[in-house]
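This is what each chain is made of:
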Amino acid sequence: MSEDKFNAIIVGGGLAGLSAAIVLAKAGLEVIVIERGDACGMKNVTGGRLYGHSLEKIIPGFAQEAPIERKVTKEKISLMTETGSLDIGFSSDKLSSTAESASYTVLRAKFDEWLAEKAEEAGAEIVPGIRVDECITEDGKVVGIKAGEDELFADVVILADGVNSLLAQKLGLKKELEPAQVAVGAKEVIKLSEETINERFGVTSDEGVAWMSAGDPTVGGFGGGFLYTNKDTVSLGVCATLSDIGYSEVSVPKMLDRFANHPSIAPYLEGGEIVEYSAHLVPEEGIHMVPQLYGDGVLVVGDAAGLCINLGFTVRGMDFAIESGRLAAETVIRANTYGNFSAAALSYYKQLFDNSFIMRDLDSSKGFPTLLTRREIFTNLPDMADDIAAKLFTVTGEPDQGIVMYIINSLAEHTSATDLVNMISEVLEAF
Amino acid sequence: MKKMTIEDKLGLDLFHTDEENSHIKVDKETTDEAEIHKLVLACPAECYKYDDGQFSFSHLGCLECGTCRVLSKGKIVEDWNYPMGTRGVFYRQG
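Residues numbered from 1 in each chain as written. Chains lettered and ligands numbered in written order. Predicted model: local features only at pLDDT ≥ 70, side-chain atom pairs only at ≥ 80, totals over all residues.

A.B. asks: Outline the overall build of chain B, listing residues and values.
C.D. replies: Per the secondary structure count, chain B includes three helices and six strands. Start at the N end of chain B and walk to the C end: the helices and strands fall as α-β-β-α-β-β-α-β-β. A compact globule built from 94 residues should have a C-alpha radius of gyration of about 12 Å, and chain B, at 14 Å, falls within 12% of that. Along the longest, intermediate and shortest principal axes, the C-alpha atoms of chain B span 35 × 35 × 20 Å. (Helix = DSSP H or I, 4+ residues; strand = E, 2+ residues; numbered from the N terminus. Rg over C-alpha atoms; globule rule 2.2 N^0.38 Å.)

A.B. asks: Please set out the overall build of chain A residue by residue, giving values where relevant.
C.D. replies: For chain A, the count of helices and strands is 16 helices and 19 strands. In terms of overall dimensions, chain A has C-alpha extents of about 85 × 50 × 40 Å along its principal axes. The long-range share in chain A, meaning contacts at least 24 apart out of those at least 6 apart in sequence, stands at 73%. (Contact = placed C-beta atoms within 7 Å.)

A.B. asks: Any chance you could break down the pairing of strand E11 (residues 182-191) of chain A for me, citing the residues and the numbers?
C.D. replies: All names here are of chain A. Counting buried residues in E11 gives nine out of ten residues, a clear majority hidden from the surface. Taken together, the ten bridges between E11 and strand E15 (residues 273-283) define a ladder with antiparallel strand orientation. Note that in E15 the partner of Ile-190 across the bridge is Ile-274. Across nine bridges, the pairing between E11 and strand E14 (residues 233-241) is antiparallel. Counterpart to Ala-186 in the pairing with E14 is Val-238. (Buried ≥ 20, exposed ≤ 12 C-beta atoms within 10 Å, placed from the backbone. Pairing = 2+ DSSP bridges.)

A.B. asks: Before we move on, could you go through helix H8 (residues 318-338) of chain A and cite the residues and values that matter?
C.D. replies: Residues and elements named next belong to chain A. End to end, H8 covers 31 Å across 21 residues, agreeing with the expected 30 Å (1.5 Å per residue, within 8%). With respect to burial, H8 is a largely interior element, 15 of its 21 residues being buried. Directly beyond the C-terminal end of H8, a positive phi value near 65 degrees is found at Gly-339. (Expected span 1.5 Å × (residues − 1).)

A.B. asks: If you had to explain the nonpolar core to someone new, which residues and values would you point to?
C.D. replies: Residues and elements named next belong to chain A. Judged by nonpolar contacts, the single largest core of 143 residues is most densely connected at Leu-159, Leu-299 and Val-301. The two domains that each donate at least three residues to this core are domain 1 (5-69 + 106-175 + 291-355) and domain 2 (182-283). Once you skip the residues sitting within four places of it in the chain, Leu-159 turns out to touch Val-11, Ser-165, Leu-167, Ala-168, Val-298, Leu-299, Val-300, Val-301 and Ala-304. In this structure, Met-80, Ala-214, Phe-222 and Ala-385 belong to the second largest nonpolar core, which totals eleven residues. (Core = buried A, V, L, I, M, F, W, Y, C linked by C-beta atoms within 7 Å. Domains from an automatic or database assignment.)

A.B. asks: With reference to specific residues and values, describe the environment of Val300(A).
C.D. replies: Inspection of the secondary structure assignment puts Val300(A) in strand E17 (residues 298-300). Here Val300(A) is in contact with Leu159(A), Ala168(A), Leu173(A), Pro291(A), Leu293(A) and Ala305(A), once residues within four sequence places are set aside.

A.B. asks: Give me the lowdown on the packing of helix H14 (residues 380-392) of chain A against helix H15 (residues 403-414) of chain A, citing residues and values where you can.
C.D. replies: Residue and element names in this part refer to chain A. Where H14 contacts H15, the two axes come as close as 10 Å, and the packing angle between them is 150 degrees. It follows from the interaxial angle that H14 and H15 lie roughly antiparallel. Remark: the crossing between H14 and H15 carries right-handed chirality. Counted together, Asn-380, Asp-383, Met-384, Asp-387, Ile-388, Lys-391 and Leu-392 of H14 and Ile-403, Tyr-406, Ile-407, Ser-410, Leu-411 and His-414 of H15 form the full contact between these two elements. Residue composition of the contact of H14 with H15, grouped by class: seven nonpolar, three polar and three charged. (Axes fitted to C-alpha atoms, helices over the stretch in contact; angles between N-to-C directions. Parallel < 35°, antiparallel > 145°, perpendicular 65-115°, else oblique. Left-handed = near helix turned anticlockwise from the far one by under 90°. Nonpolar A, V, L, I, M, F, W, Y, C, P; charged D, E, K, R; others polar.)

A.B. asks: Talk me through the interface of chain A and chain B; I want residue IDs and the actual numbers.
C.D. replies: Across the contact, 43 residues belong to chain A and 34 residues belong to chain B. Here the element with the most residues in the side of chain A that touches chain B is E15(A); it accounts for eight residues. Residues that form the side of chain A that touches chain B fall into these classes: 24 nonpolar, eleven polar and eight charged.

A.B. asks: Hey, could you go over unusual backbone geometry for me, with residue numbers and the actual values?
C.D. replies: Omega for the peptide link from Gly47(A) to Gly48(A) comes to -5 degrees, which places this bond in the cis form. Topologically, Gly48(A) is positioned in the loop between strand E2 (31-34) and strand E3 (49-51). Non-glycine residue Val219(A) carries a positive phi angle of around 50 degrees. Along the polypeptide, Val219(A) turns up in the loop between strand E12 (207-215) and strand E13 (223-229). Overall, Val219(A) belongs to the buried group, with 20 C-beta atoms counted inside 10 Å. We note that Glu46(B) has phi near 50 degrees; this positive angle belongs to a residue other than glycine. For Glu46(B), the position within the fold is in the loop between helix H2 (33-42) and strand E3 (48-51). With 18 C-beta atoms packed within 10 Å, Glu46(B) lands in the partly exposed category.

A.B. asks: Please provide a residue-by-residue account of the environment of Ser91(A), values included.
C.D. replies: Tracing the backbone shows Ser91(A) in strand E5 (residues 85-91). As for Ser91(A) and Ser235(A), which are separated by 144 residues in sequence, their C-alpha atoms are 20 Å apart.

A.B. asks: Mind laying out helix H16 (residues 417-430) of chain A, listing which residues take part and the relevant values?
C.D. replies: Between its first and last C-alpha, H16(A) extends 20 Å over 14 residues, near the 20 Å set by a 1.5 Å rise per residue. With respect to burial, H16(A) is a largely exposed element, only zero of its 14 residues being buried.

A.B. asks: Report on the pairing of strand E9 (residues 141-147) of chain A, specifying residues and quantitative values.
C.D. replies: Looking along a regular strand, one sees the side chains alternate between the two faces of the sheet. Residues and elements named next belong to chain A. Relative to E9, strand E8 (residues 134-138) is paired through five bridges, and the arrangement is antiparallel. Bridging across to E9, Glu-138 finds its partner in Lys-141. A loop of two residues connects E8 with E9, the two strands running antiparallel in sequence, and Asp-139 in this loop sits at a positive phi of about 50 degrees. Two elements, E9 and strand E10 (residues 150-159), share four bridges in a ladder whose sense is antiparallel. Paired with Ile-145 across the strands is Leu-152, a residue of E10. Joining the antiparallel neighbours E9 and E10 is a turn of two residues, in which Gly-148 adopts a positive phi near 60 degrees.

A.B. asks: How would you sum up the environment of Ser213(A)? Please name residues and give values.
C.D. replies: All names here are of chain A. Residue position: Ser-213 is located in strand E12. Ser-213 gets classed as buried once you count the C-beta atoms within 10 Å, which come to 26. If we ignore the near neighbours within four places in the chain, the residues touching Ser-213 are Ile-77, Ser-78, Met-80, Gly-224 and Gly-225.

Quick look at the structure:
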């Protein structure tokens, strides 16, 4: 590595780090990205869907040239029991109708590699294959990084080292993650043909489906299942909140097998061939887990800052990562004009952050982490939905109680009045 | 779809594993069954095993997610770091 001092060292070549690199390099600053993978993207995993609006600000019209998989034009959510599934589907030309509102399925190895090329084109230096061991501090100020015996110095270090962010922890900016704050995601990428996906999901080659489900995928535990259609593969996975591991005796890998074999999922995957198996932690506590975002000579972005929202029907993290990278870069550009990289100067990042859509959306969904630890959502609700719908859609010639009685009976069987009232009030609070 | 074991699935991934040096230090002598049980259920790569009262751990096949660190740091997981650069799992899809 070079002996020179950079304007900025970015640790981690994911979406947050690369977005920061592009903005900094375009402003003419000397920036280096250090990535532990053999190339950017090779250590990264998403579910996943990227909401495009924040990258649009950095690279307008990016979807025209980026290796996106499909534009999401169909949404589906399901409450699943072991054998049943109550589904709500939505397709409309309102979905993904503009570049700002569009969302895309992506695979990170390809997508991040492309974004890294854009960063290099902009003038950023990218050094892959190096694990950063620690930040170098002088009198409490971060002045560089250490990787093995190598040291590298900069005015500012941007920590984009992902959800585990060992570096932010070592600096005391962030506490150790708690099991209730994160979910483990396990995912298979399953090869089908492009035509097969089009036929089975009822889409054209450019269109795609995002499908979220709760209940049986995690065997009643906190979490859920997901399916995203890529160009000629499907991403299938489960996410299980760590504090709820052991709720059932089914292991995470077995949950994924069970999900793939669920009667409402399996037909879509028939004849498919798994080409990759991956896992990743997902920060899930939203605003409640945002760490100290800045210090003397240091900023924290993306998953390292725990930026994610899981509403059950949508999951966002990548659009936050990109925006936080951009805001960190704007902060560094400003700090550079004053030649001041103190914590006070870098607190500008927090100001930008608080006024951005990141904080607005984290704040407006602050009730969701609590709501999504209601057992009813993962056990009683899918069972009730299964019960009621099965009765509603079954005709036997026997006397019919009518829908109101079905619902009342099912409620009585699966929950108590107090629990129901509690849950409804939490739902109202969350929204 | 044809049924695959976790070993089959991990066999599809690209690994440059440092076989000698584990990036996770585990207390293999532990007898804390509750703690072992959590790790066995949670690890997506089945690196933690408990068969016939025998606890074992192998870092081969680790997907570097950090689940065991969050669940059991300071207990069964004594130390956790990412593998050295150019080592570990590499995703071609992601």
